[in-house]
Every structure is written in C-alpha cells, then in structure tokens.
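Topology and contacts: notes
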Amino acid sequence: MKDKFWYQIKSNFNLKSILLIILLLIPAYNFALNNNNKCDRFHVGTFIYESKVGKIIIVRREKEEIDYREYPNHYIRQSVKWISSCTAEKKTLEMNDPILSPDSINKSLNSITYLHILETFPDGYFYKTTNRKGETDSYGKVQLYKGSL
C-alpha cells in the first residue's frame, strides 16, 4: 500500500513536470516564431531612406529591388533572394545614375551584398548591409514610403 502511494506521487510529479515544461515552451516558441516573421512584411513594398546623396526610394518585389535616387531615371536594380526571414542576398544587375563613375558602376555590377534587418517597428526597420566577407558596409533606417511614384 505504501509503495503504491509513493508510486502515484512520483507519477503525478512527473506528469506535472512535463506539463509545466510544455506550457513554458509554447510561449517561447511562439515568441521566436512571431519575432522572425516580423521581417516578412518588408520583403515586398515601397520604402524610403536618407543616404549621403539624398532620399532613396526602394521599390521591392518578391525577387527584385530598384533603388531610385530620382524616380524614374536614376536607379540601381538588384535581384533579391531571401535566405531567411530577416536576411536577403542582393546582386547588382543594372545601374543608371550620373553621379556614379563608370569605374564604380563596373566594380559594382554583379557584386553581392547582404541585407540584414536588425530590428522592426510599425512603419519600418533598422538594417545593416555586409559584403561576401561579412564586413559591414552600411547601417540605416528604412521607413514605409507613403507617397506616390
């Protein structure tokens, strides 16, 4: 009788422990899942940021991004491949901007950079870009563009 009593206590304790662990893991998993998905809403859309040469408007589609310094004539066109929810690989395909030297354009064509979304907020995100070696090229803040093109 005594052994049966201790067996039931041990069984109940194990079940309660397992249930408690599961209940603690569900919110942690849900937080991680939701936190990563916050970047997905920036995979497509129109955005704006301030650069050394003025305001840049980004028009991003699923597999392509065009950065306009002056819409529609001065731009940089890149392919975009999302390698995770918050990281994209971008390859420069075409550049048309008179402030860029021919040497700079030739050097940049077909180069690959990585966009890392570091933090999101309701109307934009903070980012950094890196080269293939992982060296940081730039940091910035991008916001949703609410104007017309």
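We now turn to the structure provided with this report. These figures come from a predicted structure and were not determined experimentally. (Residues numbered from 1 in each chain as written. Predicted model: local features only at pLDDT ≥ 70, side-chain atom pairs only at ≥ 80, totals over all residues. Heavy atoms only, no water.)

Description of a nonpolar patch on the surface
Together, Leu 118, Phe 126 and Tyr 139 make up an exposed nonpolar region whose accessible area comes to about 330 Å². Turning to its location among the elements, Tyr 139 is positioned in strand β8 (residues 136-144). For Tyr 139, a relative accessible area of 57% corresponds to the exposed category. (Patch = residues over 30% accessible without salt bridge, like charges linked within 9 Å, V, L, I, M, F, W, Y side chains within 5 Å. Areas by Shrake-Rupley, 256 points an atom, 1.4 Å probe, with all protein chains shown as cover. Salt bridge = Lys/Arg side-chain N within 4 Å of Asp/Glu carboxyl O. Helix = DSSP H or I, 4+ residues; strand = E, 2+ residues; numbered from the N terminus. Buried < 20%, exposed > 50% of the residue type's maximum accessible area, 1.4 Å probe, protein only.)

A few points about unusual backbone geometry
Residue Pro 72 is bonded to the preceding Tyr 71 through a cis peptide linkage, with omega at -5°. Here Pro 72 lies in the loop between β3 (64-70) and β4 (74-84). We note that Asn 110 has phi near 65°; this positive angle belongs to a residue other than glycine. Within the secondary structure layout, Asn 110 lies in the loop between α2 (102-108) and β6 (112-121). For Asn 110, a relative accessible area of 52% gives the class exposed.

Focus: the state of the cysteines
Evaluated as defined, the whole model comprises 1 disulfide. Sulfur-sulfur distance for the disulfide between Cys 39 and Cys 86 comes to 1.9 Å. Measuring the twist about the S-S bond at about 90°, one finds the Cys 39-Cys 86 disulfide to be right-handed. In this pair, Cys 39 sits in the loop between α1 (2-37) and β1 (45-51) while Cys 86 sits in the loop between β4 and β5 (87-96), placing the two residues 47 residues apart along the sequence. Residues Cys 39 and Cys 86 agree in their burial class; the two are buried. (Disulfide = S-S within 2.5 Å.)

Quick notes on the pairing of β3
Within a regular strand, side chains alternate between the sheet's two faces. Along β3, 5 of the 7 residues are buried, which leaves the element largely enclosed by surrounding structure. Connecting strand β2 (residues 54-60) to the next strand, β3, in antiparallel fashion are 3 residues. The pairing of β3 with β4 spans 6 bridges and is classified as antiparallel. From the neighbouring strand, Ile 66 faces β4, where its bridge partner is Arg 77. Turn length for the β3-β4 hairpin, with the two strands adjacent in sequence and antiparallel, is 3 residues. (Pairing = 2+ DSSP bridges.)

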